[in-house]
Amino acid sequence: MKNNFAACTVEISGAGRELQLLPSGEFVARDGRPGTGKSWRIDTALAAKLIAQAGARKTPYVIDYEHQTLNSEHNGRPAPAAGWFKTLAWREGAGLFATDVQWTEKARAMIAAGEYRFISPVFSYDAQGRVTGLHMAALTNNPALDGMAQLAAAKFTPQDKEQGMNEELKKLLGLQGDPGDEEIAAATAALCARLVEQEQSIAALKSAAHDPAKFVPVATVEEIRQELAALKAQAQQRGVDELVGAALADGRLLPAMEPWARELGKKDLAALKAYTEQAQPIAALSGMQTQGKAPDARAVKLTSDELAVCKQLGIAESDFLKLKEEDK
């Protein structure tokens with residue numbers, strides 16, 4: 001089914017979060033479109049499809065000024081955004097609304113000052129005038145939407161072919177001569193695809209001035225990144241050395257555990273710190289068991305066999321040592 005495209009105009013009451021885009025039921029533009037005896041139409045079922053389309057989009061819909069996003073590639077002028085919205089809702093008896101509009105400060109001020117009063121949505125519709133898709137919207141003060149609006153509202157029908165297409169429209173679509181219906185439909189679909197993909201990027205890129213002072217060469221960025229990585233590695237290694245050294249000194253780590261502890265610290269310094277804080281010191285590993293005093297001279301003179309004899313006979317080691325000294 002071939003879709004046509006149109007832009008109509010709805011008066012706005014203020015720069016709030018909720019904004020009416022299309023009225024309920026049948027409607028026509030202030031300039032008489034879509035034609036004598038014809039009208040556009042949207043109802044609950046048609047609105048549900050638009051709401052589903054909005055939910056499936058990854059990028060929000062743009063609200064620009066005077067449909068400049070449509071005309072930007074043609075006239076070369078910037079197309080700054082006035083606002084964005086993503087969520088649609090149907091109000092029975094009222095129409096289709098955007099419920100999460102985010103206005104720019106500039107647009108909010110212009111609306112509050114009365115410098116802009118109307119919103120003009122761009123939508124597609126079929127041969128019966130049923131709304132089939134929503135593409136974007138614009139702030140405008142021209143309800144008839146002369147010029148660019150007429151391009152957005154062009155109906156590609158056999159009658160248009162017989163009368164000859166608008167030269168500006170053909171240029172916008174990249175067509176030449178007397179294009180056929182299939183060429184027109186393909187060019188229109190391509191244009192809509194570009195608009196959907198570029199509605200954010202065009203506004204952002206063309207409204208921002210390129211200031212070389214704000215940009216750093218890629219080589220410099222890479223050098224800084226490597227230096228930061230080296231410093232981070234050094235700091236991590238120092239942290240591992242301090243934690244492992246202290247834990248080995250007071251017996252919280254066995255010597256055999258050192259490789260494991262260093263590998264853990266290399267991967268997760270916080271985990272190593274948590275382990276060493278919870279580990280209990282082993283006194284036998286933290287220094288001399290005599291607390292710095294010289295060992296008992298008698299004890300070191302008894303062999304393991306002699307110590308075993310003392311234990312079997314129930315003789316005190318000191319007594320055994322005396323007997324041993326007396327025998328000498």
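So, a few notes on the structure that sits alongside this text. (Residues numbered from 1 in each chain as written. Predicted model: local features only at pLDDT ≥ 70, side-chain atom pairs only at ≥ 80, totals over all residues. Heavy atoms only, no water.)

1. Points about the pattern of salt bridges
Consideration 1: Counted by the stated rule, this structure contains 8 salt bridges.
Consideration 2: The shortest N-O distance in the salt bridge between Glu 222 and Arg 225 comes to 2.6 Å. With Glu 222 and Arg 225 both in helix α9 (residues 218–249) and 3 residues apart, this pair spans about one turn of that helix.
Consideration 3: Connected through shared salt-bridge partners, Asp 241, Glu 258 and Arg 262 make up one network. (Salt bridge = Lys/Arg side-chain N within 4 Å of Asp/Glu carboxyl O. Helix = DSSP H or I, 4+ residues; strand = E, 2+ residues; numbered from the N terminus.)

2. A word on a nonpolar patch on the surface
Consideration 1: Nonpolar side chains collect at one region of the surface, where Ile 224, Leu 228 and Leu 231 lie side by side and expose about 290 Å² of accessible area between them.
Consideration 2: For Ile 224, the location among the structural elements is in helix α9. (Patch = residues over 30% accessible without salt bridge, like charges linked within 9 Å, V, L, I, M, F, W, Y side chains within 5 Å. Areas by Shrake-Rupley, 256 points an atom, 1.4 Å probe, with all protein chains shown as cover.)

3. Re the sheet that holds strand β9 (residues 95–98)
Working definition: the strands of a sheet are paired by backbone hydrogen bonds and lie parallel or antiparallel to each other.
Consideration 1: Here 3 strands make up an open sheet; going across it, the order is β3-β9-β8 and the pairing antiparallel. On the outer flanks of this sheet lie β3 (19–23) and β8 (88–91), each paired with one strand and no other. In this sheet, neighbouring strand axes are inclined to one another by 30° on average, regardless of whether the strands run parallel or antiparallel.
Consideration 2: Where β8 and β9 come together, 4 bridges link them in antiparallel fashion. Residue Trp 90 lies in a different strand from β9, and its bridge partner there is Leu 96.
Consideration 3: On top of the sheet, helix α1 (residues 44–56) reaches β8 and β9; it is set at about 165° to β8, its chief contact. (Pairing = 2+ DSSP bridges. Axes fitted to C-alpha atoms, helices over the stretch in contact; angles between N-to-C directions. Contact = heavy atoms within 4.5 Å.)

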